[in-house]
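Single-letter residue listing:
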2 protein chains.
Amino acid sequence: MVKILADIDKFFNPKSIAVIGAAREPGKVGYSILDSLRKGFSGKIYPINPFADRILGLQAYKNLANVKEAIDLAVVAVPKKAVITVLKDCARKKIKNIVLITSGYSEIGDSKGEMELLKILKKAKTRFIGPNCLGIFDSYSQVDTLFLPEEKLARPKQGGISFISQSGAFGSALLDLIASEGIGVSKFISYGNQAGLKDVDFLEYLGEDEKTKVIVCYIEGVSDGRKFMNIAKRISAKKPVIVFKAGKTEKGAIAAASHTGSLAGSYDVYKAAFKQSGVLEASSIEDIFDFAKALEMQKPAKGKRVAVVTNGGGFGVITADAIAEAGLELAGFSNESIKSLGKILPEYGRVHNPLDLVGDADKERYRQSLDILVRDKNVDGIIVVALLQTISLQPEIVDIVAEAKNKAEKPIVVCSTGGDYTKKYLAEFEKKGVPAFITPERAVKAMWALVKYGEVLGKF
Amino acid sequence: MVKILADIDKFFNPKSIAVIGAAREPGKVGYSILDSLRKGFSGKIYPINPFADRILGLQAYKNLANVKEAIDLAVVAVPKKAVITVLKDCARKKIKNIVLITSGYSEIGDSKGEMELLKILKKAKTRFIGPNCLGIFDSYSQVDTLFLPEEKLARPKQGGISFISQSGAFGSALLDLIASEGIGVSKFISYGNQAGLKDVDFLEYLGEDEKTKVIVCYIEGVSDGRKFMNIAKRISAKKPVIVFKAGKTEKGAIAAASHTGSLAGSYDVYKAAFKQSGVLEASSIEDIFDFAKALEMQKPAKGKRVAVVTNGGGFGVITADAIAEAGLELAGFSNESIKSLGKILPEYGRVHNPLDLVGDADKERYRQSLDILVRDKNVDGIIVVALLQTISLQPEIVDIVAEAKNKAEKPIVVCSTGGDYTKKYLAEFEKKGVPAFITPERAVKAMWALVKYGEVLGKF
């Protein structure tokens, strides 16, 4: 690994962490960070607080100098007026990685203050994230600098999706949403004003990170457009990069300028650059995690001809509409498939795509049709609409689709629309590695991402 | 009420119901219907089954003739070959309302068979729903002919939204989804092949029905375009009509022809007709219930100038984008508001729309800004983004927004993005009558519906 990437890795895998500004009072930032860290991180934690002996059961230190051992990472959450002193302490202590949570710099117009920090940090050759950020979360090492209490913001389980977010609030809310959907995450990075390490550095790092299978970026503006796109292009050849761009409209861009100070730039330029560099653009929050989930669980498609299997005719119609609107195609089944499918449908059934297995379809009818469609060379991907409310469809449909998915050289996604009973099985599908969606529109968009990424990889 | 509407009302408010084809075996359609009915319906239920004395604890009858009392409604779920005989029995018994569940008629090409039924029913002057349908559900009378077992498909609580669905599977899955979201429903109608009563009849009926505040229609094609639009236009003047049209694309239309036999017709013609008749078109499943929920809970807007209040800057940017994309406008605050808002923001805060209350905003900061925006004449609607993960924002934000909503002459909707903790509060908002959404995009679309319906009512 290149040096800068190895250095970034130390943020996620430190042996010891100092929390400077660790607070004793619940509800304070410095308390929350310490609390998040001590719950999972197995390395040594040093709370630094001039007035405390112990915090949250851990021995506290009046200042950094009192800590005899080496410290790999400092998380700084002190009031702005104390930051300079703290950074100098860190330099003396030879701490090479700092997450600076404190805000009140360039984001509110104090670029001069930010430059001062930068000078100290550069001189000490410190790598740092922030200021004005939430910092990082790593589901494996459990380094967790988010000051949002776990009872309000759940941490996701281990998995292959990693996030870079220019907005801390956006990124963390998404993390929380993802956790509640049972989706796994590797790393999360809120980089704030990116005075030190920048979006492009993290992007590059995640491109190399073996635990990261899919990268998601929330950006308002990027630090260096050309560099970002070049890196994204290189990474896209081995793992998908999904970007959600905020500040797309004129009014949104104005809001972005006021929020992160980003010059959002022309959205058309971004759009063209995304396309050219193989970045998949998510156009809504739901897109982000639908795309990420599908791409983590599924192989990309080798073409855009999609088969739809359903036990509800109306859902077939809606799915067909969504496929056309997404620029995908309904596959024309091979003659062989048409013949075989004809045999498994009830006498009044008709072989079309969408394939309506009719309301009384049971798991066997699904198994047989999936068998046929998995083999059909005219089909590049399959959307299985399985309405679980019917009397006939058994819960074993989950295993049947999972088997088909494991066997298939093409992606399979599921749509099951419904309430609590259905939602339980959506989770079951995903436990077996099949991405499952609550509406046909979302299943189609996920398929779109799988097709698009197949195209990026040059599969068709 | 016009006679036909009074007749339709008898489907929803019968004193007695016969279930013809009531079955003893769980898993059969005739069993599920009886089971659904007996759980809530307080009138008399007569299971008809030639081989049973009792079913599900109810006395059963060998045939209709054995029932001495008058019967208001028959639900027929017998095999196709027995339907003619059963309908004749119903005629003799002078049953004036029939729901015919049995399928296998025009939807699979047997229009002749359907004509035969029609002849008998017309002669007996019977009003009927079907064939090939799920029938009806009424949350108040608990008439429930859906053969989808309650453990798989939850029934929603009482409320003001009513549905007409050309697709039984679609309608019922939506009903289930709505139930799980805690949204209330008045009536649900799956009319199948509409050989007897048609979409237009139900639409007109729901227009008159006092328990129905918002009407939702799923259509692939309508029985009589001009009539449908005329009725919709008349109803729209007093309550919102939301339509989800399937079969919009060429491929979707082909699928629709194969599903309900509907000639979907040109989508452009539909679209123009919807617009002209004041119908709000939902373009996704999520739209349907987001629109319905917002319109049931909120007053329509008197203009399209929207204020956004947020404690997460990134969410402000995304919301601003979504507002522009939806054709709404960001309100320009009045000078008075700007002055007052300036006083409640922290010193580094800036008064813009979206109004960023900054990450440390507490409920008081929200209360004060809502107070100002509710009074601002330049603001037609308010989107409150409340990220509940922060340390500072207390759960009482729910009461604060609810109070503002009750006071305001303009609609207020909420967006809170997050996991389980947040979702709990989304439900709390709605219990207090404030429509709440998990993403800014969905909150904006709901606001769009409120603005659009205000326009339909001529409010601006």
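Quick note: structure is the one above.
What counts and how
Residues numbered from 1 in each chain as written. Chains lettered and ligands numbered in written order. Predicted model: local features only at pLDDT ≥ 70, side-chain atom pairs only at ≥ 80, totals over all residues. Heavy atoms only, no water. Contact = heavy atoms within 4.5 Å. Buried area = accessible area lost by both parts, 1.4 Å probe. Salt bridge = Lys/Arg side-chain N within 4 Å of Asp/Glu carboxyl O. Polar contact = N/O pair within 3.5 Å; in protein donor to acceptor, adjacent residues only side chain to side chain. Helix = DSSP H or I, 4+ residues; strand = E, 2+ residues; numbered from the N terminus. Nonpolar A, V, L, I, M, F, W, Y, C, P; charged D, E, K, R; others polar. Buried < 20%, exposed > 50% of the residue type's maximum accessible area, 1.4 Å probe, protein only. Pairing = 2+ DSSP bridges. Right-handed = clockwise from strand over helix to strand, strands pointing away. Disulfide = S-S within 2.5 Å. Least-squares fit on C-alpha atoms with pLDDT ≥ 70 in both. Axes fitted to C-alpha atoms, helices over the stretch in contact; angles between N-to-C directions. Parallel < 35°, antiparallel > 145°, perpendicular 65-115°, else oblique.

J.: Can you walk me through the interface of chain B and chain A in this structure?
T.: Accessible area lost when the parts come together is the quantity often used to give the size of an interface. Contacts between the two partners involve 72 residues from chain B, matched on the other side by 72 residues from chain A. Of the roughly 5,100 Å² buried between chain B and chain A on both sides combined, carbon and sulfur atoms contribute 66%. If you sort the residues of chain B by the area they bury against chain A, Lys152(B), Gln389(B) and Ile391(B) come out on top, with a joint share of 14%. Remark: the boundary between chain B and chain A carries four salt bridges. Where chain B packs against chain A, one counts 28 residue pairs in polar contact (both at pLDDT 80 or more). When contributions to the side of chain B that touches chain A are tallied by element, the ones reaching two or more residues are α2 (29–40), α5 (168–180), β12 (241–245), α8 (250–259), α10 (285–297), α11 (313–325), α15 (420–431) and α16 (440–456) of chain B. No other element matches the nine residues that α11(B) contributes to the side of chain B that touches chain A. Looking at the side of chain B that touches chain A residue by residue, the class counts come to 31 nonpolar, 22 polar and 19 charged.

J.: What is the right way to look at the pairing of strand β6 (residues 97–100) of chain B in this model?
T.: Looking along a regular strand, one sees side chains alternate from face to face of the sheet. Residues and elements named next belong to chain B. In β6, alternate side chains face the same way, and those of Asn97 and Val99 on one face and Ile98 and Leu100 on the other are all buried. Of the pairings in the sheet, the one linking strand β5 (residues 73–76) to β6 comprises four bridges and is parallel in character. Residue pairing in the sheet places Leu73 in a bridge with Asn97 of β6. In this fold, β5 hands off to helix α3 (residues 80–92), which returns the chain to β6; that crossover is right-handed. As paired strands, β6 and strand β7 (residues 127–129) are joined by three bridges and run parallel to one another. Within β7, the residue paired with Val99 across the bridge is Ile129.

J.: Is there a simple way to think about the state of the cysteines in this case?
T.: Among covalent bonds in proteins, the disulfide is the one between the sulfur atoms of two cysteines. This structure, assessed with the given rule, holds zero disulfides over all chains. Cysteine Cys217(B) shares no disulfide, and the gap to the nearest cysteine sulfur, in Cys133(B), comes to 16 Å.

J.: Could you clarify how one ought to interpret the relation of the copies chain B and chain A in this entry?
T.: Each copy of the chain is related to the other by a rotation around an axis and a translation along that axis. Between chain B and chain A, which share one sequence, the superposing operator has a rotation angle of 180° and an axial displacement of 0.0 Å; the RMSD is 0.0 Å. Each copy turns onto its partner about a two-fold axis. Rotation axis and chain B: the residue whose C-alpha lies nearest the axis is Glu286(B), separated from it by 5.6 Å. Same-surface contact between copies: 100% of interface residues of chain B are shared with the interface of chain A.

J.: Can you help me understand the packing of helix α1 (residues 3–12) of chain B against helix α6 (residues 199–208) of chain B in this one?
T.: What describes two packed helices is the angle between their axes and the distance between those same axes. Residues and elements named next belong to chain B. Taken N-terminus to C-terminus, the directions of α1 and α6 make an angle of 85°; their axes are 10 Å apart at the nearest point. With respect to their mutual orientation, α1 and α6 come out roughly perpendicular. Along its contact with α1, which presents Ile4, Leu5, Ile8, Asp9 and Phe12, the element α6 presents Asp201, Phe202, Glu204, Tyr205 and Glu208. A class-by-class count of the residues in the contact of α1 with α6 yields six nonpolar, no polar and four charged.

J.: Help me out: how do you make sense of the side chain of Ser139(B) in this one?
T.: Take Ser139(B): it is sitting in the loop between β8 (135–138) and β9 (158–165). If we skip the residues at most four places from it in the chain, Ser139(B) touches Pro156(B), Lys157(B), Gln158(B), Gly159(B), Val185(B) and Ser186(B).

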